[in-house]
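# Coordinates in review
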Amino acid sequence: MRIFSIALLLVSISGCSFAGKAPAAPENEYGERVSPEEGSLNREIADLSVATLKNEHGAAKGPMPRDVHAKAHGCVRATFTVNKDVPADFRAGVFAEPGKEFPAWIRFSNGSAKAQADGKGDARGMAIKLIGVEGDKLLESERQAKTQDFLLLTHDAFFVKDGKDYVEFFRRIARGSNPAWFFFGRLPWRWTEFRAASQLIKKGKRMMNPLFAPYFSATPYLLGGIHAVKYAALPCAVSPERRNRFAHSPDYLRLNMRQSLDVKEGTPSCFQFMVQRRSEPAAMPVEDSRIPWDQEKSPFVPVATLTIPVQEFDGEGPRRFCENLSFTPWHSLPAHRPLGNINRTRKTVYEAVSAFRHEFNRVSRREPDADENPE
């Protein structure tokens with residue numbers, strides 16, 4: 001059962017999936033290699049993702065869920081403040097103006113495609129959406145949107161090598177096969193991927209409160225046309241709670257977060273938003289996000305602070321608003337362009353799934369405004 005549960009976790013982060021096998025073509029200046037077959041692989045993954053949602057939820061009552069990170073613990077208001085001492089090399093995109101503030105929404109979630117109990121092993125997600133970001137964006141359909149997204153997980157590496165491997169796995173899932181075959185169905189066994197999946201489950205099970213956990217992009221991004229970087233959000237403080245008060249509940253992560261931000265008895269929370277530069281290209285690949293970048297050789301550097309005030313976020317209106325939000329790393333300025341095959345796959349898959357969900361749910365797909373007030 002343990003192998004089976006770990007294999008199932010791959011579904012939970014299929015939205016952070018991976019595209020084609022690297023050809024012999026030389027890398028570009030940022031370390032990218034684009035396979036000729038990548039486009040067809042990405043479209044197949046997108047089609048399989050939408051087909052799976054239709055098959056599993058098309059006849060069910062209620063809104064069509066996300067294909068991954070289906071269970072939200074809540075969307076909270078925040079302020080993203082660029083540090084006044086942000087290093088000069090990192091002053092690009094949203095980090096260009098020291099001291100500048102952006103309103104933000106943060107969605108905390110479980111990674112699974114199913115809204116399962118929090119006590120089950122799972123990845124955890126932190127999706128950040130900055131509001132009021134001027135400038136043309138990368139998505140043609142939302143070029144004038146004034147948002148910038150950052151997507152993070154509770155581990156600094158993924159565990160699928162390329163799009164061919166991912167398609168192999170997803171085809172098995174679509175046929176109802178045991179996903180454990182992905183790791184151990186043929187030689188050589190995928191031990192690297194299995195160990196990474198085990199780490200995701202282990203870290204997820206240890207979490208008591210989403211406000212006091214570290215999160216990582218795992219995938220690389222451009223920064224200002226100069227650097228390839230990865231991101232992290234590290235909590236400003238350790239959890240004041242030594243025990244899980246709501247451990248009996250399948251929704252204890254939401255309940256603990258709600259208690260922390262209670263308007264009468266809670267306290268504000270914060271994260272340091274960090275950047276890690278790709279300092280050694282040979283040891284820090286862009287196209288293989290199974291390999292974490294060595295933090296001793298290239299430490300994370302703080303560039304901004306996310307402040308989360310006390311607030312009510314658990315009512316019917318906020319939950320509906322949270323459900324209708326879309327997050328993708330391609331809600332982005334060119335200065336923060338996503339890099340690597342995982343992110344290129346995300347562009348195709350996230351767009352297809354988001355369009356399908358909103359059409360099915362009869363909800364307009366739009367980016368929120370700075371003065372959004374869901375009630």
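Residues numbered from 1 in each chain as written. Predicted model: local features only at pLDDT ≥ 70, side-chain atom pairs only at ≥ 80, totals over all residues. Heavy atoms only, no water.

## A few points about the overall build of the protein chain
- Looking only at helices and strands, the protein chain has eight helices and nine strands in total.
- The C-alpha radius of gyration computed for the protein chain amounts to 20 Å, which stays within 12% of the reference 21 Å derived for 375 residues, consistent with globular compactness.
- In terms of overall dimensions, the protein chain has a C-alpha envelope of 55 × 50 × 40 Å along the principal axes.
- When burial is assessed residue by residue, the protein chain has 55% of its 375 residues classed as buried.
- Side chains of the protein chain carry 53 positive and 45 negative charges; the gap between the two charge centres is 5 Å. (Helix = DSSP H or I, 4+ residues; strand = E, 2+ residues; numbered from the N terminus. Rg over C-alpha atoms; globule rule 2.2 N^0.38 Å. Buried < 20%, exposed > 50% of the residue type's maximum accessible area, 1.4 Å probe, protein only. Lys, Arg positive; Asp, Glu negative; His and termini not counted. Charge placed at Lys NZ, Arg CZ, Asp CG, Glu CD.)

## Some thoughts on the state of the cysteines
- Tallied over the entire structure, the rule returns two disulfides.
- Through a disulfide, Cys75 is tied to Cys322; the S-S separation comes to 2.0 Å. Because the torsion about its S-S bond is 65°, the bridge between Cys75 and Cys322 counts as right-handed. One end of the pair, Cys75, is in strand E1 (residues 72–82); the other, Cys322, is in helix H7 (residues 316–324), with 247 residues separating them in the sequence. As far as the burial class goes, Cys75 and Cys322 line up, both buried.
- What pairs with Cys236 in a disulfide is Cys270, and their sulfur atoms sit 1.9 Å apart. Between Cys236 and Cys270, the disulfide has an S-S torsion of -135° and is therefore left-handed. A residue pair is termed long-range when its members are at least 10 positions apart, and Cys236 in the loop between strand E7 (227–235) and helix H6 (252–260) and Cys270 in strand E8 (residues 269–277) qualify at 34 residues.
- The connectivity of the disulfide-linked cysteines in the protein chain, indexed sequentially, is 1-4, 2-3. (Disulfide = S-S within 2.5 Å.)

## Points about the pattern of salt bridges
- For the structure on display, the rule yields 23 salt bridges.
- The partner of Asp251 in a salt bridge is Arg254, and the shortest N-O contact between them spans 3.5 Å.
- Given a relative accessible area of 23%, Asp251 falls into the partly exposed group.
- Overall, the relative accessible area of 14% leaves Arg254 in the buried class. (Salt bridge = Lys/Arg side-chain N within 4 Å of Asp/Glu carboxyl O.)

## Here's the deal with the nonpolar core
- Core analysis: the largest hydrophobic core is formed by 41 residues, its most contacted members being Phe80, Phe95, Phe108, Met126, Tyr231 and Phe273.
- Apart from residues lying up to four places away in sequence, Phe273 is in contact with Phe80, Phe95, Ile128, Phe150, Leu152, Tyr231, Ala232, Ala233, Val301, Pro302, Val303 and Ala304.
- Met64, Leu151, Phe182 and Phe356 belong to the second largest nonpolar core, which has 32 residues in total. (Core = buried A, V, L, I, M, F, W, Y, C linked by side-chain atoms within 4.5 Å. Contact = heavy atoms within 4.5 Å.)

## Some words on the pairing of strand E2 (residues 101–110)
- Within E2, eight of the ten residues are buried, which leaves the element mostly enclosed by the surrounding structure.
- Pairing geometry for E1 and E2, over nine bridges, is antiparallel. Within E2, the residue paired with Cys75 across the bridge is Arg107.
- In this sheet, strand E3 (residues 124–131) lies alongside E2 in antiparallel orientation, the contact comprising seven bridges. By the bridge assignment for E3, Ile106 is matched with Ile128. (Pairing = 2+ DSSP bridges.)

## A look at the environment of Leu151
- Mapped onto the elements, Leu151 comes out in strand E4 (residues 147–153).
- It is 6.1 Å that separates the C-alpha atoms of Leu151 and Ser217, two residues lying 66 residues apart in sequence.
- Excluding residues within four positions of it along the chain, Leu151 makes contact with Met126, Ala127, Phe216, Ser217, Tyr221, Phe327, Thr328, Pro329, Arg346 and Tyr350.

## Here we look at empty space enclosed by the protein
- Considering all chains together, one arrives at four cavities of 30 Å³ or more under this definition.
- One number sums up the size of the largest cavity: a volume of about 370 Å³.
- Forming the boundary of the largest cavity are 26 residues, of which Arg66, Val68, Leu151, Phe327 and Tyr350 lie nearest the centre.
- Elements with a contribution of two residues or more to the lining of the largest cavity: E2, E3, E4 and helix H8 (340–361).
- At seven residues, the largest contribution of residues to the lining of the largest cavity is made by H8.
- Grouping the constituent residues of the lining of the largest cavity by class yields twelve nonpolar, seven polar and seven charged.
- Volume-wise, the second largest cavity comes out at about 50 Å³.
- Every residue lining the second largest cavity is listed: Asp156, Phe216, Ser217, Ala218, Lys230, Tyr231, Gln276, Pro292, Trp293, Gln295 and Phe300. (1 Å grid on protein atoms, 1.4 Å probe; cavity = no way out; pocket = protein on both sides within 12 Å on 5 of 7 lines; lining within 4 Å. Points joined across faces, edges and corners; volume = space filled by probe spheres on them. Nonpolar A, V, L, I, M, F, W, Y, C, P; charged D, E, K, R; others polar.)

## Section: the pairing of E4
- Within E4, seven of the seven residues are buried, leaving the element largely enclosed by the surrounding structure.
- Every second residue of E4 is oriented toward a common face, with Thr147, Asp149, Leu151 and Leu153 on one face and Gln148, Phe150 and Leu152 on the other, all of them buried.
- Inspection of the sheet shows E3 paired to E4 by seven bridges, in the antiparallel sense. Along E4, the bridge assignment pairs Leu130 with Gln148.

Geometric descriptors of this kind do not, in isolation, establish any biological role.
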